[in-house]
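Letter by letter, the chains look like this.
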Amino acid sequence: EVQLVESGGGLVQAGGSLRLSCAASGFTFDDYAIGWFRQGPGIEREGVSCIGSIDGSTYYADSVKGRFTISSDNAKNTVYLQMNSLKPEDTAVYYCAAGSGCSSWYFEYDYWGQGTQVTVSS
């Protein structure tokens, strides 16, 4: 069974940091791009970041560029999202997803985790 399990969410003050983890199993991890999405109250699911499967290219939404960093540890089948300088508007449920390539469109991904809550207080 394909599984993606997020962890590392929590409550943090504005300006603080969190590191999210996405642990994958049940598929060939190296063949997939891994993206991070988030969804807050009353808004569409937003693509946050992605790391490609072929050359490791990374992509970031303009809203997080310079603050978030995506990385992967293939030996552990895990992708990380380091989030620094957090803002209240970063508050959302964060999901990791696996697909054939990086895309900002959620429907182009094949597998999804259950999400982890990130709350940033002002």
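For the structure itself, look to the data block above.
Read on for a plain summary of the structure. The structure presented is a predicted model; accordingly, all values stated were derived computationally and were not measured.

What counts and how
- Residues numbered from 1 in each chain as written.
- Predicted model: local features only at pLDDT ≥ 70, side-chain atom pairs only at ≥ 80, totals over all residues.
- Heavy atoms only, no water.
- Helix = DSSP H or I, 4+ residues; strand = E, 2+ residues; numbered from the N terminus.
- Buried < 20%, exposed > 50% of the residue type's maximum accessible area, 1.4 Å probe, protein only.
- Contact = heavy atoms within 4.5 Å.
- Phe/Tyr/Trp six-rings, centres within 6.5 Å; stacked < 30°, edge-to-face > 60°.
- Lys NZ or Arg CZ within 6 Å of the ring centre and 35° of its normal.

### Notes on the environment of Tyr-95
Inspection of the secondary structure puts Tyr-95 in strand S9 (residues 92–99). Residue classification places Tyr-95 among the buried residues on the basis of a relative accessible area of 16%. Expressed as a C-alpha distance, the spacing of Tyr-95 and Asn-74, which sit 21 residues apart in the sequence, is 19 Å. Once residues lying within four places of it in the same chain are set aside, the contact partners of Tyr-95 are Glu-6, Gly-35, Trp-36, Phe-37, Gln-39, Arg-45, Trp-112, Gly-113, Gln-114 and Gly-115.

### Let's talk about the packing of aromatic side chains
As enumerated under the stated definition, the model contains 9 aromatic pairs in all. Residues Phe-27 and Tyr-32 carry aromatic rings whose centres are separated by 4.9 Å and whose planes lie at 80 degrees to one another, so their mutual orientation is edge-to-face. Its relative accessible area of 14% is what places Phe-27 among the buried residues. Considering the side-chain rings of Tyr-109 and Trp-112, the 6.2 Å spacing of their centres and the 65 degrees angle between planes classify their relative orientation as edge-to-face. Take Tyr-109: its relative accessible area is 6%, and that puts it in the buried class. We note Arg-45 situated over the ring of Tyr-106; from NZ or CZ to the ring centre the distance is 5.9 Å.

In short, shape yes, function no, at least from these values alone.
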